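# Summary of the model geometry
So the chains spell out like this:
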Amino acid sequence: MKHIRLIFTAILLFSISLAYSQDFKIEGEVIGEADGLPIPGVTVFIKGTTHGTVTNLHGKYSILLTEADKGKVLVFNHIGMINQEHTIGDRTTLNVSMASELEELEEVTVIGYSSTSKKLLTSSLQSVDSETLQDLPVATLDAALAGQASGVQINSNSGTPGSALSVRVRGVGSVNAANQPLYVIDGIPVITENSSQVSFSGQTISALSDLSPSDIESIRILKDGTEASIYGARGANGVVEIITKRGASGKTKITFNAFGGVQQVYKRLDLLNKQQWFDYKNDQLGIEKYTQEYIDNFEHDTDWQNEIFQNAPIASYDLSLQGGGEKTSFYLSGSYFDQKGVVKGSGYDRSNLRANIDHHFSDKIKMGTSLQFGMSENNRIEGDQSLNAPLPNALSLPAIYPVYNEDGSYNEDGPYANPVAIANESINKAYTYRGLGNAYLDIAIINDLTFRTQVGFDYYNLREHSYDPVNTRQGASYNGLGFSANNTSINSTINATLQYVKTINDHRFDVMAGFSSESYENRSNYIRAQNFSRPEFEYITSASEIIEADSYGLDRGLNSFFTKINYSYANKYIFAFSARRDGSSKFGTNNRYGTFPSASVAWRIVEENFMKDISAISDFKIRGSYGLTGNDAIGDFRYQALYSSGADYNGQPGISPTQLPNEDLKWETVKQANFGIDLGLWGNRFTMTTDIYQKMTTDMLLSRPLPPTSGFSSVISNIGEMKNQGIEVLLSYEIFRKKDFNWKTSLNVSTYRNEVLKLYNGQPIDNIGRGNNRIEEGEPISIFYGYKVLGVDSSTGDLVFKDVNGDGEITSDDRTKIGNPHPDFYGGFTNTLNYKNFDLSIFFQYSVGNDIYNGTRVYLESMKGEDNQTTAILDRWRQPGDITDIPRATANDPNNNNRASSRFVEDGSYIRLKNVTLGYTLPRVLTKKAFIERMRVYVSGQNLFTLTNYSGMDPEVNYAGDDGVRMGTDFFTYPNARVFTAGLNVSF
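Here's what I pulled together on the structure shown here. Numbering of residues begins from 1 in every chain and follows the order in which that chain's sequence is written. In view of the model being predicted, local features appear only for residues whose pLDDT reaches at least 70, and side-chain atom pairs are presented and counted only at 80 or more, with totals across whole chains, interfaces and linings using the full set of residues. Only hydrogens and water are set aside when side-chain values are computed; all heavy atoms of the structure are taken into account.

This part takes up the overall build of the protein chain. The way it works is that DSSP assigns letters per residue, a run of H or I at least four long becomes a helix, a run of E at least two long becomes a strand, and they are numbered from the N terminus. Scanning the protein chain for helices and strands turns up 12 helices and 50 strands. Radius of gyration here uses only the C-alpha atoms, and the compact-globule reference equals 2.2 Å multiplied by the residue count raised to the power 0.38. By the compact-globule yardstick of 30 Å for 988 residues, the protein chain fits well, its C-alpha radius of gyration being 31 Å. Viewed in the frame of its principal axes, the protein chain has a C-alpha envelope of about 105 × 70 × 65 Å. Classification of the 988 residues of the protein chain by burial places 55% in the buried group. Residue contacts are defined here by distance: any two heavy atoms, one from each residue, within 4.5 Å place the two residues in contact. In the protein chain, once contacts between residues fewer than 6 apart in sequence are set aside, the share between residues at least 24 apart is 69%. As displayed, the protein chain offers around 40300 Å² of accessible surface, 53% of which is attributable to carbon and sulfur atoms. Here Asp and Glu are counted as negative and Lys and Arg as positive; His is not counted, and neither are the chain ends. Each charge is placed at NZ for Lys, CZ for Arg, CG for Asp and CD for Glu. Separation of charge centres in the protein chain, based on 89 positive and 113 negative side chains, amounts to 6 Å. Throughout, exposure labels follow a simple rule: accessible area from a 1.4 Å probe, protein chains only, divided by the maximum for the residue type, with under 20% read as buried, over 50% as exposed, and the rest as partly exposed. Each accessible area is a Shrake-Rupley result for a 1.4 Å probe, and residues are judged covered by the shown protein chains and nothing else.

The next subject is the side chain of Asn724. Inspection of the secondary structure puts Asn724 in strand 34 (residues 714-737). Residue classification places Asn724 among the buried positions, given a relative accessible area of 1%. Here Val172 takes part through its backbone oxygen, which lies 2.6 Å from a polar atom of the side chain of Asn724. Excluding its chain neighbours within four sequence positions, the residues that come into contact with Asn724 are Arg170, Gly171, Val172, Gly173, Tyr693, Gln694, Lys695, Tyr752, Arg753 and Asn754. Here a polar contact means two N or O atoms within 3.5 Å. Within protein one must be a hydrogen donor candidate and the other an acceptor candidate, and residues neighboring in sequence count only if both atoms are side-chain atoms.

Okay, the pattern of salt bridges next. Here, a salt bridge means any Lys or Arg side-chain nitrogen found within 4 Å of an Asp or Glu carboxyl oxygen. Summed over the entire model, instances satisfying the criterion amount to 47 salt bridges. Put simply, Arg170 and Glu728 hold a salt bridge, and the shortest N to O gap is 2.7 Å. Within this pair, whereas Arg170 is found in the loop between strand 12 (166-169) and strand 13 (182-185), its partner Glu728 is found in strand 34, the two being separated by 558 residues in sequence. Given the relative accessible area of 0%, Arg170 is considered buried. Between Glu956 and Arg912 there is a salt bridge, with the nearest N and O atoms lying 2.8 Å from each other. Of the two residues, Glu956 sits in the loop between strand 48 (946-948) and strand 49 (969-970) while Arg912 sits in strand 46 (residues 910-921), which places them 44 residues apart along the sequence. The burial state of Glu956 is the same as that of Arg912; both residues are buried.

Further remarks concern the pairing of strand 35 (residues 741-758). The sheet contact formed by strand 34 and strand 35 spans 16 bridges and is antiparallel. Bridge pairing in strand 35 links Tyr733 to Thr745. Where strand 34 folds back onto strand 35 in an antiparallel hairpin, the turn is made up of three residues. Two strands are counted as paired when DSSP detects at least two bridges linking them. The pairing of strand 35 with strand 42 (residues 825-835) spans 10 bridges and is antiparallel.

Once that is clear, we can look at the sheet that holds strand 45 (residues 905-907). In a beta sheet, neighbouring strands are held together by backbone hydrogen bonds and run either parallel or antiparallel to one another. An order of 45-44-49 is seen for the three strands of this open sheet, with the pairing classed as mixed. Bordering the open sheet on either side are strand 45 and strand 49, each of which pairs with just one other strand. Where strand 44 (residues 851-854) lies against strand 45, three bridges are found, and the strand directions are antiparallel. Residue pairing across strands places Ile852 opposite Glu906, the latter belonging to strand 45.

Structurally, Ser156 can be placed in the loop between strand 11 (152-155) and strand 12. Beyond its immediate chain neighbours, meaning those up to four positions away, Ser156 contacts Ala164, Leu165, Lys914, Glu956 and Asn976.

We now examine helix 5 (residues 274-285). Residues lying three or four places apart along an α-helix face the same way, a consequence of the helix completing one turn every 3.6 residues. Over its 12 residues, helix 5 runs 16 Å from end to end, which matches the ideal 16 Å to within 8%, given 1.5 Å per residue. Within helix 5 the residues assigned to the buried category are Lys274, Trp277, Phe278, Tyr280, Lys281, Asn282 and Gln284. The secondary structure elements touched by the buried residues of helix 5 are helix 6 (292-297). Here helix 5 starts with a cap whose side-chain oxygen sits 3.2 Å from the backbone nitrogen of Gln275, and that cap is Asn273. The span expected for a helix works out to 1.5 Å for each residue beyond the first.

Pairing in this open sheet of four strands is antiparallel, and the strands run 3-2-5-6 from one edge to the other. Looking at the sheet topology across the chains shown, the edges are occupied by strand 3 (52-54) and strand 6 (84-87). This sheet shows a mean twist of 15 degrees between the axes of neighbouring strands, independent of strand direction. Pairing geometry for strand 2 (residues 43-46) and strand 3, over three bridges, is antiparallel. Convention adopted: a line fitted to C-alpha atoms gives each axis, helices being fitted over their contacting stretch, and angles between N-to-C directions are expressed from 0 to 180 degrees.

The next subject is the pairing of strand 18 (residues 312-324). Along any regular strand, the residues point their side chains to alternate faces of the sheet. Bridge analysis of strand 17 (residues 250-264) against strand 18 gives 12 bridges, and the strand direction is antiparallel. Bridge pairing in strand 18 places Ile254 opposite Leu321. Pairing between strand 18 and strand 19 (residues 328-340): 11 bridges, direction antiparallel. Each bridged residue has a counterpart across the sheet, and for Ser320 the counterpart in strand 19 is Ser333. Counted between consecutive antiparallel strands, the loop separating strand 18 from strand 19 contains three residues.

Before going further, it helps to examine the nonpolar core. Residues Phe278, Tyr280, Trp304, Phe309 and Leu395 are the most contacted members of the largest nonpolar core, which totals 41 residues. Elements with a minimum of two residues in this core: helix 5, helix 7 (304-308), helix 8 (390-396) and helix 9 (419-425). What Phe309 contacts, discounting residues up to four positions off in sequence, is Val265, Arg268, Val342, Val343, Lys344, Leu391 and Met953. One finds Ala146, Tyr183, Val190 and Ile221 within the second-largest nonpolar core, a separate group that totals 22 residues. The criterion is simple. A nonpolar core is a set of buried Ala, Val, Leu, Ile, Met, Phe, Trp, Tyr and Cys residues joined through side-chain atoms within 4.5 Å.

Notably, Asp699 is not glycine yet its phi reads approximately 55 degrees, a positive angle. Tracing the backbone shows Asp699 in strand 33 (residues 686-705). One non-glycine residue, Met863, lies in positive phi territory at about 55 degrees.

None of the figures reported here should be taken as evidence of function without further support.
Laid out in structure tokens, this is it:
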């Protein structure tokens, strides 16, 4: 906490000191001589000094000057352009047209503690800007990225409001360590893990949900080892760098954005009604227990899906102020997001405030701060694999049970708890409070040499409150059941870098060295109680019996040293090298520090003389890289001998061993090679980016089995290897480029192949999760493993399973690979059209070749027990000679027809119309009278339709959330909703 207080004090002092004065300023616009388009990233400075600025995305600049500067010269410099020099004099406006020296380079992009031109990159980098994100009605920034970037696979897993998504950069790379990328906001790594202590069966809470997408200027995804290696021990799964919006000099711009709409379930399961249920039960029992007269007179025929699903509202509002003077610029914003769930009882709302301030104290000193404060409330419901969950119970309860009894109380006669009672009466709330901020100081020590230091913090508090009253089945069994949990995490960061950039004729050198230190603190407590005095008293203090209590504390740290060296000659031969050395408290003294280097090279062939006469080619670059990154995302102190205290030794406190030590434990290491081509034709009207890569994960952190005589079942060790390799293609083409009509299309296609190369003694890891996933050498991670179904025996109605080993019996030895959750390829397809004041965006997301294990069907097509069934069983085998793929109904099922088998593995391929937005911008002549700079109205639809052969409610599914091992399984999972919204963008 001492470090946090120091950081808060530093940020407060930075913020208070941001006051400014001015003598006079020059402002203007810098455009290209050839095309008249604005040039971002032009350095504007007083000759012989370091006092200057940089043009923004619109080529605009503004620089503060004094009376003494009037006789000096203003220099305009941009890589690949001829320098411009102008005497300052008495002018206040200076517009400049710059001619190409070799070729105009694109805007500067900030990556890995430094910045460079995109065309001088030697690595695989994907960017997504704010314009792409602004019209998507999503709650989280990772949801907005889905389908937008090649090589990045993002699955919603479920439609649960505020839940975690799976983000995989170039595939799954680990078994026991995390597979999510590292997220860095304005240079500071942030907390992203699920901190929930109250289990909701796969419906996890992501700390990313507390960050507002409306504040994002751009997102950069570092995919290969070249750039990710600068983040060392945490870059193995890629890095997502997020840049928030900042101020700009000039008139203060006020922007208001809002959208509102409705969500609905676009697909439901076809379940048996009362007539079909009683017919099925008669068939199952082999007698006519329920006559037609009984069925006709039976009064209840409940559609439980109608009872639990709802059309749910969604709304978002954000207001921002952006502006500043010559010395100080600011961006201030506030936002509110509210989403009710399509399953009753669920919902999520979030409020955020942000302040980004930058200030030039002098020619050589610049300071700034970024502060965000937010809070959210998540109304949670039990998830997929629970007997106390609204959706699974609504799908499983037969239609013959009513919602209410005659006296108005909830009917609990069915085999499962009444889902409406759970949705209406159970209280499951999660409250988060988030503070995220940083402050930086830039000092130009001498020409071309800059020192930067940055301090940051991420405060995350999750408070959970859960209560089941006696009018729910679970609450009744405990006379009221309550949970209370609190989890607080604080991550503080200090960075310091020294960067030297020098251009000598055609040679450009960029050298950076730095240091980083992170400190993480976590404190949590948890209480479970029962026997509440009255149903209205929902808090733990009203319980008469505490049945479980726990508290926990953790401190860990990470110290790092890093360097990056870039060199280019004539903008065509480019070399880069980086290295980072990390020391982590997660590992013992034998391997506390790890080194992660990378090297890359690029050749901009378009700059060669032999290309000058080929006017059609506007950009042509080939690049290659090789780098090492690490993964330390395992439990803390796994290298140590751990003990559990509080053990009961004849009523006395004591301790007992819980973990064996392994001082040789170290990082998983990912070795990644990448080869890429960047091509632009006809003035970059057509562009193509292609990457081929191979990722090798070595020293995988796995649990090694131990003999029972050791007293422990396993110890974690570095014993596994895995490989991912694939191809990524990003195509973009401006089909029409007219004054009143523009049409641009882009397509990204990614493919990867995963293979587990090495496990401990070659032993597979089996029976993982509801989908019976399996990890074995020579196969992709988490294949589906079970029995192969050959068909239904027309004489008996039982399934026929393949006798794999040919011994004449069906045993566990006959299990085999029955499916693969990994797609053959995936990606997105976008079309953007502009006609006069109209704009239209159409975005498709797709995945092809992946399998889904439909665990819902294991119960809803079992044809035994008391679960309701889908109408697929109407085609079941009924008598000898029937030809069908649905086995017979039976009360005891001696053949175990619903065992884990290929019967429940389905093709999960889909193409989804992810988003359609139609907008209209009102003419300026109409809005200027109301002092409105721009007003746009739009309508949007999300998840409008999905083409798939999958029989479940949603093919974009995984019951275990973002788990990297329990993959590709649907088990009564909350579906993604179809969303219709209307919105407004206004700026003043």
